[in-house]
Amino acid sequence: MINGIIGRKIGMTQVFAEDGTATPVTVIKAGPCVVTQKKTADGRDGYNAVQLGLVEDKPVRMKNVSKPMRGHFEKTAGGTPPTRVLKEIRLDEVPEAEIGDQVKADLFEDGDSIDVMGTSKGRGFAGTIKRHGFSRGPMSHGSMNKRRPGSMGQSATPSRVLKGTKSSGHMGHARVTALGLKVVKVQAEDNLIMVRGSVPGPNGGLLVVKKS
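Residues numbered from 1 in each chain as written. Predicted model: local features only at pLDDT ≥ 70, side-chain atom pairs only at ≥ 80, totals over all residues. Heavy atoms only, no water.

1. Focus on the overall build of the protein
Argument step 1. If you tally the helices and strands in the protein, you get two helices and twelve strands.
Argument step 2. Along the protein, helices (α) and strands (β) appear in the sequence β-β-β-β-α-β-β-β-β-α-β-β-β-β when read from the amino end.
Argument step 3. Its C-alpha atoms give the protein principal-axis dimensions of roughly 70 × 55 × 35 Å.
Argument step 4. Per-residue burial for the protein yields a buried fraction of 36% across its 212 residues.
Argument step 5. By element, 49% of the accessible surface of the protein is carried by carbon and sulfur atoms, the whole surface being about 13100 Å².
Argument step 6. Once the 33 positive and 20 negative side-chain charges of the protein are each reduced to a mean point, those two points are 18 Å apart. (Helix = DSSP H or I, 4+ residues; strand = E, 2+ residues; numbered from the N terminus. Buried < 20%, exposed > 50% of the residue type's maximum accessible area, 1.4 Å probe, protein only. Areas by Shrake-Rupley, 256 points an atom, 1.4 Å probe, with all protein chains shown as cover. Lys, Arg positive; Asp, Glu negative; His and termini not counted. Charge placed at Lys NZ, Arg CZ, Asp CG, Glu CD.)

Put into C-alpha cells, the structure is as follows:
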C-alpha cells in the first residue's frame, strides 16, 4: 500500500471545534498524483518503491520535456502524461498499485499521524546569534563584543578552528522533516489536508507527506 503523497503548502488557518476551541493548522494540497514507476526488491532495483508524479493545474506538453525524461514517460511510465515534479516513496512491501493509478488526499484520514518533508525557508547569510542561538556580549558603552562569535580556536594545539564548529554562514534552505504531525481534517473532494501546527517551507513549496 502506498503510504505517501506529493503536495504543496497553501498556508495557515484555523479549524474550530464544536466547543469553540480553535486549532492552528497548515493547509496542504496533497496530490492528485499518478504512479509513474514501480520498483521491487526482486527486480534490478533491489528495494520496494513507487515513483509519483504531481498532477498540476497547468499540464506539461511532451515537447517541453527533456529527451531523457521523455523516454522515461514513454517507456517506464507506460505513456502517462509528463509531470514537472517526480518523487520516490519507499515501501516496506511490494507495491500493489499499477502504473497510471492515481493517489489522492483520501489516502489520509482525520487523526492520522504523518511526517512532512520539505525545504526550509532560505535566510541567506546569518550570524551566530540568529543561526545558532549564541548569547550576545555586554551592551555597555565601549563593548567590542556585542554580536561577535567570540573565541572558537585554541591558542596552542592545534592552533586552528576545528571543522564543524558553529559559525556564521548560510542559514536555511535545507531539507527538514517535521515528525508526528496530526491530521485535523481531510477535504478529499478538494485534495486538501489540514495539519495541526506548522510545516517547513514557504507557501507554495513542495512537500512529501507520509504516514508515520
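2. Focus: the confidence of the model for the protein
Argument step 1. The share of residues in the protein with pLDDT of 70 or more is 98%, and the mean pLDDT across the chain is 87.
Argument step 2. Mean pLDDT across the elements of the protein ranges from a minimum in helix H1 (residues 67–76), with 80, to a maximum in strand S8 (residues 124–126), with 95. (pLDDT = per-residue confidence, 0-100.)

3. Describing the environment of Lys87
Argument step 1. Following the sequence through the fold, Lys87 ends up in strand S5 (residues 86–90).
Argument step 2. Separated by 52 residues in sequence, Lys87 and Val35 place their C-alpha atoms 10.0 Å apart.
Argument step 3. When residues no more than four places from it in sequence are discounted, the contact partners of Lys87 are Ile6, Val50, Gln51, Leu52 and Val208. (Contact = heavy atoms within 4.5 Å.)

4. What about unusual backbone geometry?
Peptide bonds are mostly trans, and most non-glycine residues show a negative phi.
Argument step 1. The amide bond that connects Thr157 to the next residue, Pro158, takes the cis arrangement and shows omega of 0°.
Argument step 2. Within the element layout of this structure, Pro158 appears in the loop between helix H2 (128–132) and strand S9 (169–171).

5. Thoughts on the packing of aromatic side chains
Argument step 1. Enumeration over the complete set of coordinates arrives at zero aromatic pairs.
Argument step 2. Across the ring face of Tyr47, the terminal group of Arg90 is positioned such that the distance to the ring centre comes to 3.8 Å. (Phe/Tyr/Trp six-rings, centres within 6.5 Å; stacked < 30°, edge-to-face > 60°. Lys NZ or Arg CZ within 6 Å of the ring centre and 35° of its normal.)

6. Quick notes on the sheet that holds S5
Argument step 1. An order of S5-S4-S3-S6 is seen for the four strands of this open sheet, with the pairing classed as antiparallel. Since the sheet does not close on itself, it has two edges, and those belong to S5 and strand S6 (102–103), each with one partner.
Argument step 2. Sheet analysis places strand S3 (residues 33–39) next to strand S4 (residues 49–54), joined by six bridges and oriented antiparallel. Residue pairing in the sheet places Cys33 in a bridge with Leu54 of S4. (Pairing = 2+ DSSP bridges.)

7. Here's the deal with the sheet that holds strand S12 (residues 206–211)
Pairing between the strands of a sheet is mediated by backbone hydrogen bonds and can be parallel or antiparallel.
Argument step 1. With antiparallel pairing, the six strands of this closed barrel are ordered in space as S1-S2-S11-S10-S7-S12. Recorded for the sheet is a direction-independent mean angle of 50° between the axes of neighbouring strands.
Argument step 2. With nine bridges joining them, strand S1 (residues 4–16) and strand S2 (residues 22–30) adopt antiparallel strand pairing. Across the sheet, Phe16 pairs through a bridge with Ala22, a residue of S2. (Axes fitted to C-alpha atoms, helices over the stretch in contact; angles between N-to-C directions.)

8. Section: the nonpolar core
Argument step 1. Ile5, Leu52, Val103, Phe108, Ile114, Ile193 and Val209 are the most contacted members of the largest nonpolar core, which has 31 residues in total.
Argument step 2. Those elements that provide at least two residues to this core are S1, S2, S3, S4, strand S7 (113–119), strand S10 (175–187), strand S11 (192–196) and S12.
Argument step 3. For this core, the leading source of residues is S10, giving four residues.
Argument step 4. Not counting residues within four places of it along the chain, the set of residues in contact with Leu52 comprises Gly4, Ile5, Ile6, Cys33, Val34, Val35, Thr36, Val85, Leu86, Lys87, Ile89 and Val103.
Argument step 5. Core analysis: the next-biggest nonpolar cluster, separate from the first, contains five residues, Val15, Val27, Leu192 and Met194 among them. (Core = buried A, V, L, I, M, F, W, Y, C linked by side-chain atoms within 4.5 Å.)

9. A few points about the pattern of salt bridges
Argument step 1. Under the defined criterion, the tally for this structure stands at three salt bridges.
Argument step 2. In this structure, Lys38 engages Glu98 in a salt bridge whose closest nitrogen and oxygen atoms are separated by 3.7 Å. Of this pair, Lys38 sits in strand S3 while Glu98 sits in the loop between S5 and S6, and the two are 60 residues apart along the sequence.
Argument step 3. Residue class for Glu98 comes out partly exposed when judged on its relative accessible area of 46%. (Salt bridge = Lys/Arg side-chain N within 4 Å of Asp/Glu carboxyl O.)

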